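# Chains, contacts and geometry: an overview
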Amino acid sequence: MGWNSWNHFAGHIDDKTVRAAADAMASSGMKAAGYQYIVIDDTWAGKRDDQGFIHPNEKFPDMKALADYVHSKGLKLGIYSSPGPRTCAGYEGSLGHEEQDAQTYANWGMDYLKYDWCQSGGTVEQMEAAYTKMHDALVKTGRPIVFSLCQYGWHKVWEWGASVGGNLWRTTGDISDRYFSMADIGFDQNGLEKFAGPGHWNDPDMLEVGNGGMSEDEYRTHMSLWAILAAPLMAGNDLGEMTPYTVELLTNPEVIAVDQDPLGKQGYRIAQEGPFEVWMKPMADGSKVVGLFNRQRTTEQMSVNFSDIGISGAATVRDLWMKKDLGGFRDKFSAYVPMHGVVLVRIKVQ
Ligand code: GLA
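What comes next is a walk through the structure. (Residues numbered from 1 in each chain as written. Predicted model: local features only at pLDDT ≥ 70, side-chain atom pairs only at ≥ 80, totals over all residues. Heavy atoms only, no water.)

## Some thoughts on the overall build of the chain
What counts here: Going along the chain from the N terminus, every DSSP run of H or I of four or more residues is numbered as a helix, and every run of E of two or more is numbered as a strand. Only C-alpha atoms enter the radius of gyration; for comparison, a globular chain is expected to reach 2.2 Å times N to the power 0.38, where N is the number of residues. Categorising residues by exposure relies on relative accessible area from a 1.4 Å probe, with only protein chains included: less than 20% of the type maximum marks a residue as buried, more than 50% marks it as exposed, and the intermediate range marks it as partly exposed. Any two residues whose heavy atoms approach within 4.5 Å at even a single point are treated as in contact. Only the protein chains shown count as cover for residues, and all accessible areas are computed by the Shrake-Rupley method using a 1.4 Å probe. The charge count includes Lys and Arg as positive and Asp and Glu as negative, but it does not include His or the ends of the chains. One atom stands in for each charge, and that atom is NZ of Lys, CZ of Arg, CG of Asp or CD of Glu.
Tallying secondary structure elements over the chain gives 11 helices and 18 strands in all. In terms of C-alpha radius of gyration, the chain reaches 21 Å, essentially the compact-globule figure of 20 Å for 350 residues. Projected onto its principal axes, the C-alpha positions of the chain cover 70 × 40 × 35 Å. Counting only residues that meet the buried cut, the chain has 54% of its 350 residues in that class. Across the chain, contacts joining residues at least 24 apart in sequence account for 67% of those joining residues at least 6 apart. Accessible surface for the chain amounts to roughly 14200 Å². Of this, 50% is attributable to carbon and sulfur atoms. Within the chain, the 45 negative side-chain charges are centred at a point lying 4 Å from the centre of the 32 positive side-chain charges.

## Points about the site of the ligand
The condition that has to hold: Nearness here has a simple test: a residue counts as near a molecule or strand if at least one of its heavy atoms is within 4 Å of that partner. Any pair of N or O atoms that falls within 3.5 Å is considered a polar contact. Within protein, one atom must be able to donate a hydrogen and the other to accept it, and sequence-neighbouring residues count only if both atoms are side-chain atoms. Residue classes follow a fixed rule: Ala, Val, Leu, Ile, Met, Phe, Trp, Tyr, Cys and Pro count as nonpolar, while Asp, Glu, Lys and Arg count as charged, and any other residue, Gly among them, counts as polar.
Looking at the ligand, there are 13 residues lining it, with Asp-41, Asp-42, Lys-114, Tyr-152 and Asp-174 nearest. Between the ligand and Lys-114, the relevant distance is 2.8 Å, taken from an oxygen atom to a side-chain nitrogen or oxygen of the residue. Side-chain polar atom of Asp-116 to an oxygen atom of the ligand: 3.0 Å apart, as the coordinates give it. A total of 310 Å² of accessible area belongs to the ligand in isolation, and the protein chains cover 96% of it. For the shell around the ligand, the residue count by class is seven nonpolar, no polar and six charged.

## A few points about unusual backbone geometry
Residue Lys-156 is not a glycine yet carries a positive backbone phi of 45°. Along the chain, the position of Lys-156 falls in the loop between β7 (146-150) and α7 (157-160). Of note in this structure, His-340 is not a glycine but carries a positive phi near 55°. Counting through the fold element by element, His-340 comes out in the loop between β17 (332-337) and β18 (342-348).

## Here we look at the pattern of salt bridges
Under the convention used in this document: We define a salt bridge as a side-chain nitrogen of Lys or Arg found within 4 Å of a carboxyl oxygen belonging to Asp or Glu.
Here the structure, examined in full by the defined rule, presents 19 salt bridges. Between Asp-41 and Lys-114 there is a salt bridge, and its shortest N-O distance comes to 2.7 Å. Of this pair, Asp-41 sits in the loop between β2 (37-39) and β3 (45-48) while Lys-114 sits in strand β6 (residues 112-116); the two residues are 73 residues apart in sequence, bridging distant segments of the chain. Given a relative accessible area of 2%, Asp-41 falls into the buried group. On the basis of relative accessibility, which here comes to 7%, the residue Lys-114 falls in the buried class. With a closest N to O distance of 2.9 Å, Asp-217 and Arg-220 form a salt bridge. Here Asp-217 pairs with Arg-220, and both are found in helix α9 (residues 216-228), just three residues apart, close to one helical turn. Classification of Asp-217 by relative accessible area gives partly exposed; the value is 25%.

## Structural notes on the state of the cysteines
Two cysteines form a disulfide when their sulfur atoms are joined by a covalent bond. Counted only if it meets this: By definition, disulfides here are pairs of cysteine sulfur atoms that lie within 2.5 Å.
Applying the stated criterion across every chain yields a total of one disulfide. A disulfide bridge connects Cys-88 with Cys-118, and the sulfur atoms are separated by 1.9 Å. Here Cys-88 and Cys-118 share a disulfide; its torsion about the S-S bond, -90°, makes the bridge left-handed. Placement of the pair is Cys-88 in the loop between β5 (76-81) and α5 (98-108) and Cys-118 in the loop between β6 and α6 (124-141), with a sequence separation of 30 residues. Relative accessible area serves as the criterion here: at 42%, Cys-88 is assigned to the partly exposed category. Considering cysteine sulfurs only, Cys-88 is the nearest to Cys-150, which forms no disulfide, with 6.5 Å between them. Using a relative accessible area of 1% as the deciding quantity, one classes Cys-150 as buried.

## Describing the sheet that holds β18
Quick reminder of the rule: A strand pair is defined by DSSP finding two or more bridges across the two strands. Lines fitted to the C-alpha atoms define the axes, with helices restricted to the stretch that makes contact. Angles between their N-to-C directions range from 0 to 180 degrees.
Across the sheet, which stays open at both edges, the six strands sit in the order β11-β12-β13-β18-β15-β16 with antiparallel pairing between neighbours. Each end of this open sheet is capped by a strand with a single partner; those strands are β11 (268-273) and β16 (324-330). Shown here is a sheet whose adjacent strand axes are inclined to one another by a mean of 25°, direction ignored. With six bridges joining them, strand β13 (residues 288-294) and β18 adopt antiparallel strand pairing. Residue pairing for β18: Phe-293 is matched across the bridge by Val-342. Against the sheet, helix α8 (residues 179-187) makes contact with β11, β12 (276-282) and β13, and its axis sits at roughly 50° relative to β12, the strand it touches most.

## Remarks on α6
For clarity, the cut-off: To estimate how far a helix should extend, the number of its residues minus one is multiplied by 1.5 Å. Directions are taken from the helix axis to each C-beta atom, and the arc is the one they span.
Across its 18 residues, α6 extends 26 Å between first and last C-alpha, which sits within 8% of the 26 Å expected from 1.5 Å per residue. Met-127, Ala-130, Tyr-131, Met-134, Ala-137, Leu-138 and Thr-141 are the residues of α6 that are buried. Take α6 and look down its axis: the buried residues cluster within an arc of 120°, on one side only. Looking at α6, the residues exposed on the side facing more than 90 degrees away from the buried face are Glu-125, Val-139 and Lys-140. Those residues of α6 that are buried are in contact with α5, β6, β7 and α7. Directly beyond the C-terminal end of α6, a positive phi value near 80° is found at Gly-142.

Now the structure itself:
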């Protein structure tokens, strides 16, 4: 769980923006809810010196001081590079400098690296070799650094991401702040659940919650679906400018508990009728979290049959967004679900 600069700020980031994000994460309730990593995405890199060591550009005068600042808030700092010669925004990549760059990041105090395959093409063997090279270089530094693979899901990265040392890997192209982008990506994750587990996760991209392009119900769908998917929760909004609703969406403890459940099972679709999808995530305590998702443009009544989630007879149902026990139900649970919205419940045998 954390925050990444790209979705909201893209190239408009600097030392000040990142410090402000850390301040806001610490003071807004995000840190208390479990968010921890502040990740500087593309456009920080400057030039290499005569010995080949990378330096940040003028936007980041002192990376070590920035990392010290973020750490002083009880948070962690991450950075971004590419296995090729250039990053996706055309900045210096790590090709041929993997060990030097890993050591530089470790010296600065980085705790996370997003490593983004930006050159077009490449065989699966080339990708595996490039990611393994950086993974080995990170390990060699002796500093624990989360390794985030980013390469748009080419070559079924979920099949080999863990074997090259990835802690998470992007399974999709870039998300945008629109319902149809988010929904296409999120609902398309079905079937990838067997590749995720503790320490190695599918990554359907960063959150757009709070960026303004979706309705409240659509953002609630976004959070609910990512939680059911056990997806990395990397906020992508301006943490310094959050409405109370955005804070509530990002920090609801019962929804975060779904995402972070220790069993580490990625949820999946258990029923679908056209635009109505029912998803389920098994939890460590034996309960089942169910999302009734309505992808249609009108409110509709939807149901989950307990037999589809391995429950026979009676069970109690709690609404995780309303934070309310709805009582005991037998055989099925039904609810009205708004347009592009969700009803997210936790179902437990008594
Ligand atoms: C790619 C990635 C994005 C972001 C940009 C930066 O598009 O998928 O998440 O890192 O590069 O240029």
